[in-house]
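# Fold and geometry: a report
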Amino acid sequence: MIKIEHISKKYKTAENFSVVDLDLFIEEKEIFGLLGPNGAGKTTLISILCSLIKPTSGSFTINGLNYQTHKNELKQLIGIVPQEYALYPTLTAFENLKYFGSMYGLHGKKLKNKINEYLEILGLSQFTNKRIETFSGGMKRRINLIASILHEPKVLFLDEPTVGVDVQSKNVIIEFLQDLNKKGTTIIYTSHHLNEAEAFCTKVAIIDHGKLITKGKPADLINKQEGAHNLEEVFLNLTGKALRDHA
Ligand SMILES: Nc1ncnc2c1ncn2[C@@H]1O[C@H](COP(=O)(O)OP(=O)(O)OP(=O)(O)O)[C@@H](O)[C@H]1O
């Protein structure tokens, strides 16, 4: 379970806080969606929970482990699928995955079998020995996903895992994540696809301007919001229709 208490974050070069005094509790085995307009603070929050950046104030624990005192244990416990592809373009799919597996102390036949098993499930076996630079966006996303779960994390964070992929790749990714979740992995993901989140998530939190606006089961949030028929309508009602452009 993830317990977030009074987390705030202000980047050194920023004028405003990106996350503001945020409290959130995510139970084990949830598929939890972090939703919000551009610039709401989703990536910042996920980056804090993955210990990629430090909060300005506040604290959090994952399965009771504090990020300040149990850094190594947390690294084994969690998996991270970043928004950007974190792959080596001139290496093959297999070489990339072998490299990422070795970073978690995995090697030999066990690692090889695991890589081949995931490549098969995600429809990529025939591309095992092809260079990543020849892959489509959807194929890279699936490799990125495999790289993050070779060490079998109990908690998996994904930052927009289905952005820029076709419907076929998206379905394979979502089904794969649902299967992982059934086997016990807690999933925390960000997305702008509200239909997808409505169908996929057991709970969601809507954040805006770094603050928690609401949280709950998608169906409960829809029922609660007068006149709303789906999560997108709830989202627009709560966050407004104004564009969030800034430079
Ligand atoms: N490294 C940084 N330095 C300064 N400001 C930053 C930095 N990263 C993000 N921000 C600012 O923090 C705020 C929240 O950004 P964040 O990327 O967390 O939002 P987001 O909800 O993930 O947005 P998106 O949906 O566009 O990915 C924005 O105002 C952004 O400009």
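Use the structure listed above.
Residue positions are counted from 1 within each chain, in the order its sequence is given. Totals for whole chains, interfaces and linings use every residue, but because this is a predicted model, local features are given only for residues with pLDDT of at least 70 and side-chain atom pairs only at 80 or more, for both listing and counting. Hydrogen atoms and water are omitted, and side-chain values are computed over all heavy atoms in the structure.

### A look at the overall build of the chain
To be explicit about the condition: Here a strand is any run of E in DSSP of at least two residues, a helix any run of H or I of at least four, and the numbering for each starts at the N terminus. The globule rule used here is 2.2 Å times the number of residues to the 0.38 power, and the radius of gyration it is set against is calculated over C-alpha atoms. Three labels apply to residues, based on accessible area from a 1.4 Å probe with only protein chains included: buried if under 20% of the type maximum, exposed if over 50%, partly exposed otherwise in between. By definition in these notes, contact holds between two residues if any of their heavy atoms fall within 4.5 Å. Only the protein chains shown count as covering a residue, and every accessible area follows the Shrake-Rupley method with a 1.4 Å probe.
In terms of regular secondary structure, the chain is built from nine helices and ten strands. Taking 247 residues into account, the globule formula puts the C-alpha radius of gyration at 18 Å, and the chain, at 18 Å, falls close to it. The C-alpha extent of the chain, read off along each of the three principal axes, is 55 × 40 × 40 Å. Looking at the chain residue by residue over its 247 residues, the buried ones come to 47%. Counted over contacts in the chain with a minimum sequence separation of 6, partners at least 24 positions apart contribute 66%. Summed over all atoms, the accessible surface of the chain reaches about 12900 Å², with 50% contributed by carbon and sulfur.

### Quick word on the sheet that holds strand β8 (residues 186–190)
Heads up, the condition is: For two strands to be treated as a pair, DSSP must find no fewer than two bridges joining them. Only C-alpha atoms enter the line fits that serve as axes; for helices the fit covers just the stretch in contact. Angles between N-to-C directions range over 0 to 180 degrees.
Across the sheet, six strands lie side by side as β6-β7-β8-β3-β9-β10; this open sheet has mixed pairing. A strand with exactly one partner marks an edge of an open sheet, and here the two such strands are β6 (78–81) and β10 (211–216). On average, adjacent strands in this sheet sit at an angle of 15° to one another, irrespective of strand direction. Of the strand pairs in this sheet, strand β7 (residues 155–159) and β8 are connected by five bridges, and their pairing is parallel. Within the sheet, the bridge partner assigned to F157 lies in β8 and is I188. Sheet contacts for helix α5 (residues 137–149): β6 and β7; angle to β6, the most-contacted strand, approximately 165°.

### Things to note about the pattern of salt bridges
Using the following cut-off: When a carboxyl oxygen of Asp or Glu is within 4 Å of a side-chain nitrogen of Lys or Arg, the pair counts as a salt bridge.
Under the criterion given, the structure shown has six salt bridges. Among the salt bridges present, the one from E27 reaches K203, with a minimum N-O distance of 3.4 Å. A residue pair is termed long-range when its members are at least 10 positions apart, and E27 in the loop between β2 (19–26) and β3 (31–35) and K203 in strand β9 (residues 203–208) qualify at 176 residues. Judged by relative accessible area, which is 40%, E27 ranks as partly exposed. For E30, the salt bridge is made with K203, and the minimal N-O distance between the two is 3.0 Å.

### Focus: the site of the ligand
Threshold: A cutoff of 4 Å decides nearness: a residue is near a molecule or strand if any of its heavy atoms lies inside that distance of it. Within 3.5 Å is the distance limit for a polar contact, defined as a pair of N or O atoms, with the added protein rule that one can donate a hydrogen and the other accept it, and that residues adjacent in sequence qualify only through two side-chain atoms. Each residue is assigned to one of three groups, with Ala, Val, Leu, Ile, Met, Phe, Trp, Tyr, Cys and Pro labelled nonpolar, Asp, Glu, Lys and Arg labelled charged, and all others, Gly among them, labelled polar.
The ligand sits among 15 residues. The nearest are S18, K42, T43, T44 and H192. In the model, an oxygen atom of the ligand is placed 2.9 Å from a nitrogen or oxygen of the G41 main chain. The separation between an oxygen atom of the ligand and a polar side-chain atom of T44 is 2.5 Å. In the complex, the protein chains occlude 66% of the 630 Å² of accessible area that the ligand would expose alone. By residue class, the composition of the shell around the ligand is three nonpolar, ten polar and two charged.

### Let's talk about the environment of A147
Looking at where A147 falls in the secondary structure, it is placed in helix α5. Through-space distance from the C-alpha of A147 to that of T134 is 18 Å; in sequence the pair is 13 residues apart. Once residues lying within four places of it in the same chain are set aside, the contact partners of A147 are L97 and F100.

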